[in-house]
Amino acid sequence: MNYNKKSIEDIEVAGKRVLCRCDFNVPTKEGKITSDKRIVAALPTIEYLIEKGAKVILCSHMGKPKGEWKPELSLKIVADRLSELLGKEVIMASDVAGEDSKAKAASLKDGDVMLLENTRYIKGETKNDPELSKALAELADVFVNDAFGAAHRAHSSTSGVADYLPAVSGYLVQKEVSIMGKALANPERPFVAILGGAKVSDKLNVINNLLEKVDTLIIGGGMAYTFLAAQGYTVGKSLVDNEKLDYCKEMMAKAKAKGVNLLLPVDTAVAASFPSPIDAEIPVEYVDCTAIPTDQMGLDIGPKACAEFAAAAKAAKTVVWNGPMGVFENPTLAKGTIAVAQALADSDAVTIVGGGDSAAACEQLGFADKITHISTGGGASLEFLEGLELPGIACLEDK
Ligand code: ADP
Ligand code: MG
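Thresholds applied
- Residues numbered from 1 in each chain as written.
- Chains lettered and ligands numbered in written order.
- Predicted model: local features only at pLDDT ≥ 70, side-chain atom pairs only at ≥ 80, totals over all residues.
- Heavy atoms only, no water.
- Near = heavy atom within 4 Å.
- Polar contact = N/O pair within 3.5 Å; in protein donor to acceptor, adjacent residues only side chain to side chain.
- Areas by Shrake-Rupley, 256 points an atom, 1.4 Å probe, with all protein chains shown as cover.
- Helix = DSSP H or I, 4+ residues; strand = E, 2+ residues; numbered from the N terminus.
- Nonpolar A, V, L, I, M, F, W, Y, C, P; charged D, E, K, R; others polar.
- Pairing = 2+ DSSP bridges.
- Axes fitted to C-alpha atoms, helices over the stretch in contact; angles between N-to-C directions.
- Contact = heavy atoms within 4.5 Å.

### Looking at the site of ligand 1
Part 1 of the reasoning: Taken together, 20 residues lie around ligand 1, and Lys203, Gly298, Glu329, Asp357 and Ser358 are the ones closest in.
Part 2 of the reasoning: Glycine 222 has a polar backbone atom sitting 3.1 Å from a nitrogen atom of ligand 1.
Part 3 of the reasoning: Residue glycine 298 places a main-chain N or O atom 3.1 Å away from a nitrogen atom belonging to ligand 1.
Part 4 of the reasoning: Relative to its unbound accessible area of 580 Å², ligand 1 is 85% covered by the protein chains.
Part 5 of the reasoning: Ranked by residues supplied to the shell around ligand 1, first place goes to helix H11 (residues 356-364) with 3 residues.
Part 6 of the reasoning: Split into classes, the residues belonging to the shell around ligand 1 amount to 7 nonpolar, 10 polar and 3 charged.

Structure below.
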């Protein structure tokens, strides 16, 4: 796929009505925003548009209202926070592309900012309904997609609208695409990928695609035990996907055929059961992965694996990481994830973290500012690593 897309800097926006799709799908609790990270990530594009004198019409989805006007999923709280961050009024429309939006969009002055209501209040949004796409397009002269977190969706506001308007990327989409696109298409080597997380089945295509590109593939986290089981080891009560044993064998054969160094953990933290609650204090032991007791489960990589994985990461020029090495939500079982995060933080390589939980782990553990790029899109970054075409990017004009 071609990731060389036009950006807001490649078109004239002064005096134009610009419909800008953002990812304002912020987490909330009791009607309050608990993290405004996604709003902050959209600021460079919005500020650029204001400065250039565009009439800025923002839109986004929040949550899954499924075509119903659920008041608790109104974007009004986003308008309020955005207004504080920009230090100027954000005009809130009471509909998505209806009468109120049309009237407000028509009376915007250069540099004004307005926000439409939750695009998923309209059933047509997730169906990529041309009627909604057209209604959105009629509000504006130009479409800017800056919602990387929603770019893997072919919805009206993420790609359908581009059928009716000139479409370009915002700064956030441009940054995500250029950093991840370059890493995958033309990486500085050695190129090391580190995969973890709970299940092999979540990341089948990621493993398959990365084996085409990397020099070393490291597999930790819950998915490692299916690979260990496929090698014939006993993994006790560890997470194993019995339907994926053949797939794991195939991937190990593929790694060998391609000359990719495939690293699995040599040791693991084990406990008698999964911690409950997840952050409960839990007694663990460290054993070699060739000797996991049948009544125990592996919940983190062990110290030898930490050292080996960290050394491989430190020797790399490009590292892509997706998925924690263990049950990082528990301090005792976060050691493997911390070791990998530390190795990335200490490395001079281009380091890229994708995946919702891995990104959260980096932030919680305080490594975020030492990573080259933490993707803002969990699902979208995963599809990127799978080598899939993202509809919200494919619809943009080529340079
Ligand atoms: P990401 O969101 O970064 O793509 P995933 O959603 O695939 O990551 O996986 C994250 C989850 O995997 C975490 O909740 C973590 O507790 C869990 N996990 C990691 N290692 C294990 C393990 N050994 N056993 C069970 N769950 C694990
Ligand atoms: Mg996750």
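### A few points about the sheet that holds strand S6 (residues 113-115)
Pairing between the strands of a sheet comes from backbone hydrogen bonds, and it takes one of two forms, parallel or antiparallel.
Part 1 of the reasoning: Strand order across the open sheet formed by 6 strands is S5-S6-S4-S1-S7-S8, with parallel pairing between neighbours. Of all strands in the sheet, those bounded by a partner on one side alone are strand S5 (91-92) and strand S8 (167-169).
Part 2 of the reasoning: Summarising the sheet, strand S1 (residues 17-21) and strand S4 (residues 55-59) pair through 5 bridges and their orientation is parallel. Following the sheet pairing, valine 18 is matched in S4 by valine 56.

### Topic: the sheet that holds strand S12 (residues 267-271)
Part 1 of the reasoning: As summarised here, the arrangement of the 3 strands in space is S13-S12-S14, forming an open sheet in which the pairing is antiparallel. Here the strands that pair on one side only, and so sit at the sheet edges, are strand S13 (285-288) and strand S14 (297-301). Each strand of the sheet is rotated relative to its neighbour by a mean of 45°, with strand direction disregarded.
Part 2 of the reasoning: Relative to S14, S12 runs antiparallel, the two being bridged by 4 bridges. Each residue of the ladder has a partner; that of alanine 269, found in S14, is aspartate 300.
Part 3 of the reasoning: Across the face of the sheet, helix H9 (residues 303-314) comes into contact with S12, S13 and S14 while running at roughly 40° to S14.

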